[in-house]
Amino acid sequence: MKTLNKITTLFALTVFAVSSLAMVKFAATSWTIDKAHSAINFNVTHFFTPVNGEFKDYEATVNFDPENLEESMIDVKIMVNSIDTENERRDGHLKTADFFNAEKWPHITFKSDNIEKTGDNEFVANGTLTIKDVSKDVALPFTLLGVMDNPMQEGKLVAGIKASTVVDRTDYTVGTGDWASDAVIGDDVTVELNLELNADK
């Protein structure tokens, strides 16, 4: 009888231990952006022709695990003064109060609230985009292009993410006065993020 009680107690303890382990949430992988192989690009029409640009300076916190989306998050801060459309005069104008007003609002930010899976390697980060003094809920769809051991760095993983969304600049009062109308500059701005990420294994 004592032996049976011991076996029963041991079994109960084992089940409890396994159940407790199953409830433990491991933090999502923390990734570092390789800026030499990453870019934040945008394009917007001028009359009929798309004009391309890029933000050269940005910071990002990316904690992402496709098997642990509850613990995953994306937090991006873009420095407005780093805007580059390969035209110095235009870049200077975009930094003024007519558009981004970089002196008063030097950063564009995106903070995710949650990340959802929408298909094979397809996800959407739901969060808040802030430009100037306007914050709006946005959905940022992205594709996980792949994850592998980094052959150039032992003990590291490398991953690729591609994201794209369309932002209405007028929602954020980017373009005022003569520039508020879409007669010259289109309202819709396509934003693309191409990110190469590295993490410890």
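Residues numbered from 1 in each chain as written. Predicted model: local features only at pLDDT ≥ 70, side-chain atom pairs only at ≥ 80, totals over all residues. Heavy atoms only, no water.

A. Inspection of the overall build of the chain at higher detail. A count of helices and strands for the chain gives two helices and 11 strands. Starting at the N terminus and walking to the C terminus, you meet the elements of the chain as α-β-β-β-β-β-β-α-β-β-β-β-β. Relative to its 201 residues, the chain shows a buried fraction of 35%. The contacts of the chain with a sequence gap of at least 6 include a subset with a gap of at least 24, amounting to 54%. As displayed, the chain has an accessible area near 12,500 Å², and 55% of this comes from carbon and sulfur atoms. (Helix = DSSP H or I, 4+ residues; strand = E, 2+ residues; numbered from the N terminus. Buried < 20%, exposed > 50% of the residue type's maximum accessible area, 1.4 Å probe, protein only. Contact = heavy atoms within 4.5 Å. Areas by Shrake-Rupley, 256 points an atom, 1.4 Å probe, with all protein chains shown as cover.)

B. Region of the structure containing the packing of aromatic side chains. Overall, the coordinates contain six aromatic pairs when judged by the stated rule. Between Phe64 and Phe123 the ring centres are 5.2 Å apart and the planes differ by 85 degrees, which places this aromatic pair in the edge-to-face class. One end of the pair, Phe64, is in the loop between β4 (58–63) and β5 (73–79); the other, Phe123, is in strand β8 (residues 122–131), and 59 residues separate them in sequence. For the pair shown, Phe64 and Phe123 are each scored as buried. Relative to Phe142, the ring of Phe123 has its centre 5.5 Å away and its plane inclined at 20 degrees; by these criteria the two rings are stacked. Taken together, the residues span a long stretch of sequence, with Phe123 in strand β8 and Phe142 in strand β9 (residues 134–149) at a distance of 19 residues. (Phe/Tyr/Trp six-rings, centres within 6.5 Å; stacked < 30°, edge-to-face > 60°.)

C. The arrangement of the confidence of the model for the chain in detail. Residues at a pLDDT of 70 or more form 87% of the chain, whose mean pLDDT is 89. Low pLDDT (under 50) marks residues 2–26, which in the prediction has four contacts with non-local residues, meaning those over four places away or in another chain. (pLDDT = per-residue confidence, 0-100.)

D. Region of the structure containing the environment of Ala163. Considering the arrangement of structural elements, one finds Ala163 in strand β10 (residues 156–168). Classification of Ala163 by relative accessible area gives buried; the value is 5%. Along the backbone, Ala163 and Pro141 are 22 residues apart, and their C-alpha atoms lie at a distance of 5.8 Å. Leaving out residues up to four positions away in the same chain, Ala163 has contacts with Leu140, Pro141, Phe142, Val191, Glu192 and Leu193.

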